[in-house]
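Fold and geometry: a report
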Protein chains: 2
Amino acid sequence: MKIPRISMLTLGVADLKRAAKFYESVLKTPLNLTYEGVVFIELPGTWLALYPLENLAGDISAQIHPSKEGFSGITLAHNGRSRDEVLAVIERARSAGARIVKEPRETSWGGFGGYFSDLDGYHWEVAWGPMFDFTEKGELKFKDKT
Amino acid sequence: MKIPRISMLTLGVADLKRAAKFYESVLKTPLNLTYEGVVFIELPGTWLALYPLENLAGDISAQIHPSKEGFSGITLAHNGRSRDEVLAVIERARSAGARIVKEPRETSWGGFGGYFSDLDGYHWEVAWGPMFDFTEKGELKFKDKT
């Protein structure tokens, strides 16, 4: 409890192998397949995990129906260091089979970004913003903060 | 692109003020309210952001309907350092108005954990596992890795 944080984010997926291949292409990060039936992607900060949707729902409660209709209500974001990085990540996602829901463009908040949805329809924003900077570790920080 | 990571996770919420108060209680982390209409919680690793659900859906695309029926398909996780920490976080969430969907218990994978759902129905797993350790920064790592 010393360091409140999101340790891991788990996406419930329809096809574990396909989803793993997709994220390996997009993130260019090795997958940890040590544990059967779940894929861990040990990103810095917060890990990403992939798990069959039915199993994820069942792990929470038998009352949770493993159907995922419509918008999840959640977006994941990758903040880039430049407009060019945003374009490059979006192209990488497109090549891996993502649907580009919003092609990168100038945003209303003075940044530049777009959205892709992954093979299961989860939305990622890829954006650059003039108010954002990065710590040495690569975490986001606001420019006016030290 | 040097450091692939989830920079931020945004939850689309029904009532921004209520959601902000809830997460302030649960995470005990100051909220950044500098930007109107959005709440940033600058957690180490990956930030959490709260944004009205309709605005979030609209930012992605006019085709996305801002209705969030059923299971989002996504779980957030906080990994604790002990069973006691898991119990403490769950109690903190309960006090803040979360619904405890699964009371903490021994898990099938040899750990100990439970789930709560926040005011908008997003699911958090709070768990301790014998295979998990933490970096100096507080990130997860596997015990058998250096």
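Structure report, in brief. (Residues numbered from 1 in each chain as written. Chains lettered and ligands numbered in written order. Predicted model: local features only at pLDDT ≥ 70, side-chain atom pairs only at ≥ 80, totals over all residues. Heavy atoms only, no water.)

**What about the sheet that holds strand E3 (residues 47–52) of chain B?**
Working definition: the strands of a sheet are paired by backbone hydrogen bonds and lie parallel or antiparallel to each other. Here is the rule we go by: DSSP calls a pair of strands paired once it identifies at least 2 bridges connecting them. Under the DSSP-based scheme used, a helix requires at least four consecutive residues in state H or I and a strand at least two consecutive residues in state E, with every element numbered from the N terminus. A fitted line through C-alpha atoms represents every axis, and for helices the fit uses only the stretch in contact; the resulting angles, taken between N-to-C directions, go from 0 to 180 degrees.
The strand order across the open sheet formed by 7 strands is E5(A)-E6(A)-E7(A)-E4(A)-E1(B)-E3(B)-E2(B), and the pairing between neighbours is mixed. Each end of this open sheet is capped by a strand with a single partner; those strands are strand E5 (99–106) of chain A together with strand E2 (39–41) of chain B. Here the strands of the sheet are splayed against their neighbours by 20 degrees on average, with no regard to which way each runs. Bridge count for strand E1 (residues 8–13) of chain B against E3 of chain B is 6 bridges, and the pairing is parallel. Paired with Met8 of chain B across the two strands is Trp47 of chain B, which belongs to E3 of chain B.

**Describing the sheet that holds strand E5 (residues 99–106) of chain B**
Stated formally: Here, residues are in contact when the closest pair of their heavy atoms is within 4.5 Å.
Strands sit in the order E2(A)-E3(A)-E1(A)-E4(B)-E7(B)-E6(B)-E5(B) across an open sheet of 7 strands; the sheet is mixed. The open sheet has two free edges, formed respectively by strand E2 (39–41) of chain A together with E5 of chain B, since each of these has just one partner strand. The mean angle between the axes of side-by-side strands here comes to 20 degrees, regardless of whether they run parallel or antiparallel. Sheet contacts for helix H2 (residues 53–60) of chain A: strand E1 (8–13) and strand E3 (47–52) of chain A together with strand E4 (74–79), E5, strand E6 (112–117) and strand E7 (123–128) of chain B; angle to E3 of chain A, the most-contacted strand, approximately 100 degrees.

**Comments concerning the interface of chain A and chain B**
Worth spelling out the cut-off: Once two parts are put together, the accessible area they lose, assessed with a 1.4 Å probe and summed over both, is termed the buried area. Salt bridges are defined by distance alone: a side-chain nitrogen of Lys or Arg within 4 Å of a carboxyl oxygen of Asp or Glu. The term polar contact refers here to a pair of N or O atoms within 3.5 Å; inside protein, the definition further demands a hydrogen-donor-capable atom paired with an acceptor-capable atom, and it admits residues adjacent in sequence only when both atoms are side-chain atoms.
Each side of the interface is counted separately: chain A has 64 residues, and chain B has 64 residues. Interface area for chain A against chain B, summed over the two sides, is near 6,200 Å², with a carbon-plus-sulfur share of 61%. Run the count over chain A and chain B and you get 2 salt bridges. Linking Lys102 of chain A and Asp59 of chain B is a salt bridge whose minimum nitrogen-to-oxygen distance equals 3.5 Å. Our count for the chain A to chain B interface comes out at 27 residue pairs in polar contact (both at pLDDT 80 or more). Every element with two or more residues in the side of chain A that touches chain B is listed here: E1, E3, H2, strand E4 (74–79), helix H3 (83–95), E5, strand E7 (123–128) and strand E9 (140–142) of chain A.

**Focus: the pattern of salt bridges**
By the definition in use, this model includes 8 salt bridges over all chains. Each of Glu91, Arg94 and Glu103 of chain A takes part in one network of salt bridges that share partners.

**Focus: the pairing of E7 of chain A**
Residues and elements named next belong to chain A. So the rule is basically this: A simple rule labels every residue: compare its accessible area, found with a 1.4 Å probe on the protein chains alone, to the largest value its type can have, and call it buried under 20%, exposed over 50%, or partly exposed in between.
Counting buried residues along E7, 6 of its 6 residues qualify, which places the element largely inside the surrounding structure. As judged from the 5 bridges shared by E4 and E7, these two strands associate in the parallel manner. Across the sheet, residue His78 finds its bridge partner in E7, namely Val126. In the sheet, strand E6 (residues 112–117) pairs with E7 via 6 bridges, with the strands oriented antiparallel. Paired with Gly114 across the two strands is Val126, which belongs to E7.

**Brief notes about the packing of aromatic side chains**
Formally: A pair of aromatic rings is counted whenever rings of Phe, Tyr or Trp (Trp by its six-membered ring) have centres within 6.5 Å, and the orientation is called stacked for planes under 30 degrees apart, edge-to-face for over 60 and tilted otherwise. Distance and angle both matter: a charge sits over a ring if NZ of Lys or CZ of Arg is within 6 Å of the ring centre and within 35 degrees of the ring normal.
Enumeration over the complete set of coordinates arrives at 26 aromatic pairs over all chains. Taking the centre distance of 5.9 Å and the plane angle of 85 degrees together, the rings of Tyr35 of chain A and Phe40 of chain A count as edge-to-face. You can call Tyr35 of chain A partly exposed: its relative accessible area is 27%. On the accessibility criterion, Phe40 of chain A (8% relative accessible area) is buried. With a centroid separation of 5.3 Å and 70 degrees between ring planes, the pair formed by Phe40 of chain A and Phe142 of chain B is classed as edge-to-face. With Phe40 of chain A in strand E2 and Phe142 of chain B in strand E9 (residues 140–142), the pair connects residues from two separate chains. By relative accessible area, Phe142 of chain B is classed as buried at 2%. For the cation-ring pair, Arg81 of chain A lies above Phe134 of chain A, with the distance from its terminal atom to the ring centre recorded as 4.0 Å.

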